[in-house]
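Tertiary structure, described
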Protein chains: 6
Amino acid sequence: MPYVNIKITREGASSEQKARLIQGVTKLLVDVLGKNPKTTVVVIDEVDTDNWGIGGDQVTKLRGIAGGVANEQ
Amino acid sequence: MPYVNIKITREGASSEQKARLIQGVTKLLVDVLGKNPKTTVVVIDEVDTDNWGIGGDQVTKLRGIAGGVANEQ
Amino acid sequence: MPYVNIKITREGASSEQKARLIQGVTKLLVDVLGKNPKTTVVVIDEVDTDNWGIGGDQVTKLRGIAGGVANEQ
Amino acid sequence: MPYVNIKITREGASSEQKARLIQGVTKLLVDVLGKNPKTTVVVIDEVDTDNWGIGGDQVTKLRGIAGGVANEQ
Amino acid sequence: MPYVNIKITREGASSEQKARLIQGVTKLLVDVLGKNPKTTVVVIDEVDTDNWGIGGDQVTKLRGIAGGVANEQ
Amino acid sequence: MPYVNIKITREGASSEQKARLIQGVTKLLVDVLGKNPKTTVVVIDEVDTDNWGIGGDQVTKLRGIAGGVANEQ
């Protein structure tokens, strides 16, 4: 019955990768807490890099800078 | 003053259907809790079927399978 | 399969009122969008009035002022 | 380490305005609570006006009405 | 840099179980998407069974009924 | 009309500090986007350190370790 929301930047996650996230999180809740997988819901939100900030900066900006946090994932 | 977030899969809900959801939820909060409708906020998120999982599977996959949970809404 | 999150201030909503909210929202999603009630999840968050702001003020403060928005729900 | 989610209607906020929101919220958490800006995350969700309701009406509808709440932001 | 929110009913999850959820989700995001674990945030919300509904009923009520969905997790 | 959700660890934020967060975020949305403060909602969630993970570890554990990320806020 759990509900899990995963927020990531929109940077080309494939359908297959999303399937693995959904499968992995669902399995984790079964293994750790004995939750019922049938009613476990996982929702993935992909967010534009302009709309995601860390350290006070947009990810768009961080991606454009060589070195440092440029490769922040 | 309540805030309500409704998450559904993106599968063609019409503007008129969304209007009914907003109206219905707002009325419910007035009827049950006496909330002020003027400051009641309802936000509907439509999520791609690739990004929504239930039972460990993507809804995209469930939609493509005949029978079983194929008609899961 | 929808997921609904209702946020209200923590001001004495009874278990019976919460049951009515859950029932009402679930029914609305069935009626408007034909969603499956069995996998419709509703989560109610009750938030301390110190932690809820509207118009730039804490609800705790608004509740303490006679008249005006004092009765804001 | 805080996480902040800002939801606004999708009505043309520029990248520069989003940068100012991210910078401003991050600075606020440093100033008020001494939080570490490096791990402070801000996510902005822009929501279609059809999917945002206030007072029981869609913002799309409110925008189309002269006067009253027509200029509600 | 991802943000993950896990919502479960408040029914005695131990600190050690929560640690395993946090560790497992973080590892999953590293393995599947190559995300940086250092800035991956996981927040677990435990929700009273009165405040969680599925199938139109409060979990509190479902827990009290023998058989059927009584053991829904 | 914006909705802002601030999630922080529960570590003794005072009512006055929360009031400053609410006031500051509301003002920011007025200044940057011209939003109407009267319908701007800010909700602060305080999360137990056992329920908050960063870098794969519970904050509770990070707080107990001298040096390093011990002072992560």
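These numbers come from a predicted model, not from an experiment.

**Observations concerning the overall build of chain A**
A tally of helices and strands in chain A yields 2 helices and 4 strands. Reading chain A from its N end, one meets helices and strands in the order β-α-β-β-β-α. Taken across its 73 residues, chain A has 56% of its residues classed as buried. Element-wise, carbon and sulfur atoms account for 50% of the exposed surface of chain A, whose accessible area totals about 2800 Å².

**Points about the packing of helix H1 (residues 15-33) of chain A against helix H1 (residues 15-33) of chain E**
Relative to each other, H1 of chain A and H1 of chain E sit at 160°, their axes nearing to 10 Å. What the angle tells us is that H1 of chain A and H1 of chain E run roughly antiparallel. As for how H1 of chain A packs across H1 of chain E, the hand of that crossing is right-handed. Counted together, Gln-17, Arg-20, Leu-21, Gly-24, Val-25, Leu-28, Leu-29, Asp-31, Val-32 and Leu-33 of chain A of H1 of chain A and Gln-17, Arg-20, Leu-21, Gly-24, Val-25, Leu-28, Leu-29, Asp-31, Val-32 and Leu-33 of chain E of H1 of chain E form the full contact between these two elements. Partitioned by chemical class, the residues of the contact of H1 of chain A with H1 of chain E number 12 nonpolar, 4 polar and 4 charged.

**Digging into the relation of the copies chain C and chain E**
Think of it as a corkscrew move, a rotation about one axis and a shift along it, taking one chain copy to the other. In screw terms, the move from chain C to chain E is a rotation of 120° and a rise of 0.0 Å along the axis, fitting with an RMSD of 0.0 Å. On the angle and the small slide along the axis, the relation comes out as a three-fold axis. Residues of chain C ranked by C-alpha distance from the rotation axis are headed by Asp-45 of chain C, positioned 5.7 Å from it.

**Some thoughts on the pairing of strand S2 (residues 41-47) of chain C**
Look at any regular strand and the pattern is simple: side chains alternate between the two faces of the sheet. The buried count for S2 of chain C comes to 7 of 7 residues, which makes it a mostly enclosed element. Here S2 of chain C shows a buried face lined by Val-41, Val-43, Asp-45 and Val-47 of chain C and a second buried face lined by Val-42, Ile-44 and Glu-46 of chain C. Bridging between strand S1 (residues 3-9) of chain C and S2 of chain C involves 7 bridges; their strand directions are parallel. Bridge pairing in S2 of chain C links Ile-8 of chain C to Glu-46 of chain C. Relative to strand S3 (residues 52-54) of chain E, S2 of chain C runs antiparallel, the two sharing 3 bridges. Residue pairing for S3 of chain E: Val-42 of chain C is matched across the bridge by Gly-53 of chain E.

**What about the interface of chain C and chain E?**
On the chain E side, the residues contacting the 16 residues of chain C number 11 residues. Around 1100 Å² of area is buried between chain C and chain E when both sides are counted, 50% of it from carbon and sulfur atoms. Salt-bridge contacts for Asp-45 of chain C lead to Lys-7 of chain E; the nearest nitrogen and oxygen are separated by 3.8 Å. Elements with a contribution of two residues or more to the side of chain C that touches chain E: helix H1 (15-33) and S2 of chain C. In terms of residue class, the side of chain C that touches chain E is made up of 8 nonpolar, 4 polar and 4 charged.

**Topic: the UniProt feature "active site" (unreviewed entry) in chain A**
UniProt's entry tags Pro-2 of chain A with the feature "active site" (unreviewed entry), counted in the numbering of this structure. Owing to a relative accessible area of 2%, Pro-2 of chain A belongs among the buried residues under this scheme.

**So, the side chain of Lys-18 of chain D**
Along the polypeptide, Lys-18 of chain D turns up in helix H1 (residues 15-33). A distance of 2.9 Å separates a polar atom in the side chain of Lys-18 of chain D from a polar atom in the side chain of Glu-46 of chain D. Not counting the four nearest positions on each side in its chain, Lys-18 of chain D is found in contact with Asp-50, Asn-51 and Gln-58 of chain A together with Ala-13, Ile-44 and Glu-46 of chain D.

**Some points on H1 of chain C**
All names here are of chain C. Here H1 contains 19 residues, and its C-alpha end-to-end distance of 27 Å stays within 8% of the 27 Å for a straight helix at 1.5 Å per residue. Residues of H1 that are buried: Lys-18, Leu-21, Ile-22, Val-25, Thr-26, Leu-28, Leu-29, Val-32 and Leu-33. Along H1, the residues classed as buried sweep out an arc of 155° about the axis, all on the same side.

**Notes on the relation of the copies chain A and chain E**
It takes a turn of 180° to lay chain A on chain E, together with a shift of 0.0 Å along the axis; the resulting RMSD is 0.0 Å. A rotation of that kind, with that shift, is consistent with a two-fold axis. Residue Asn-5 of chain A, judged by its C-alpha, is the member of chain A lying nearest the rotation axis, at 2.6 Å.

**Concerning empty space enclosed by the protein**
Summed over the entire model, instances satisfying the criterion amount to 2 cavities of 30 Å³ or more. If you add up the space inside the largest cavity, you get close to 290 Å³. In terms of lining residues, the largest cavity is bounded by 20 residues, among which Asn-5 of chain B, Asn-5 of chain C, Asn-5 of chain D, Asn-5 of chain E together with Asn-5 of chain F are the most central. Where the lining of the largest cavity is concerned, the elements lending two or more residues are strand S1 (3-9) of chain A, strand S1 (3-9) of chain B, S1 of chain C, strand S1 (3-9) of chain D, strand S1 (3-9) of chain E together with strand S1 (3-9) of chain F. Here the lining of the largest cavity is built from residues that sort into 6 nonpolar, 6 polar and 8 charged. Met-1, Pro-2, Tyr-3, Thr-39 and Val-41 of chain D together with Met-1, Pro-2, Tyr-3 and Val-41 of chain E are the residues that line the second largest cavity. Broken down by class, the residue content of the lining of the second largest cavity amounts to 8 nonpolar, 1 polar and no charged.

Basis of the calculations
- Residues numbered from 1 in each chain as written.
- Chains lettered and ligands numbered in written order.
- Predicted model: local features only at pLDDT ≥ 70, side-chain atom pairs only at ≥ 80, totals over all residues.
- Heavy atoms only, no water.
- Helix = DSSP H or I, 4+ residues; strand = E, 2+ residues; numbered from the N terminus.
- Buried < 20%, exposed > 50% of the residue type's maximum accessible area, 1.4 Å probe, protein only.
- Areas by Shrake-Rupley, 256 points an atom, 1.4 Å probe, with all protein chains shown as cover.
- Axes fitted to C-alpha atoms, helices over the stretch in contact; angles between N-to-C directions.
- Parallel < 35°, antiparallel > 145°, perpendicular 65-115°, else oblique.
- Left-handed = near helix turned anticlockwise from the far one by under 90°.
- Contact = heavy atoms within 4.5 Å.
- Nonpolar A, V, L, I, M, F, W, Y, C, P; charged D, E, K, R; others polar.
- Least-squares fit on C-alpha atoms with pLDDT ≥ 70 in both.
- Pairing = 2+ DSSP bridges.
- Buried area = accessible area lost by both parts, 1.4 Å probe.
- Salt bridge = Lys/Arg side-chain N within 4 Å of Asp/Glu carboxyl O.
- UniProt positions renumbered as here; feature names shortened; annotations may be inferred.
- Polar contact = N/O pair within 3.5 Å; in protein donor to acceptor, adjacent residues only side chain to side chain.
- Expected span 1.5 Å × (residues − 1).
- Arc of directions from axis to C-beta.
- 1 Å grid on protein atoms, 1.4 Å probe; cavity = no way out; pocket = protein on both sides within 12 Å on 5 of 7 lines; lining within 4 Å.
- Points joined across faces, edges and corners; volume = space filled by probe spheres on them.

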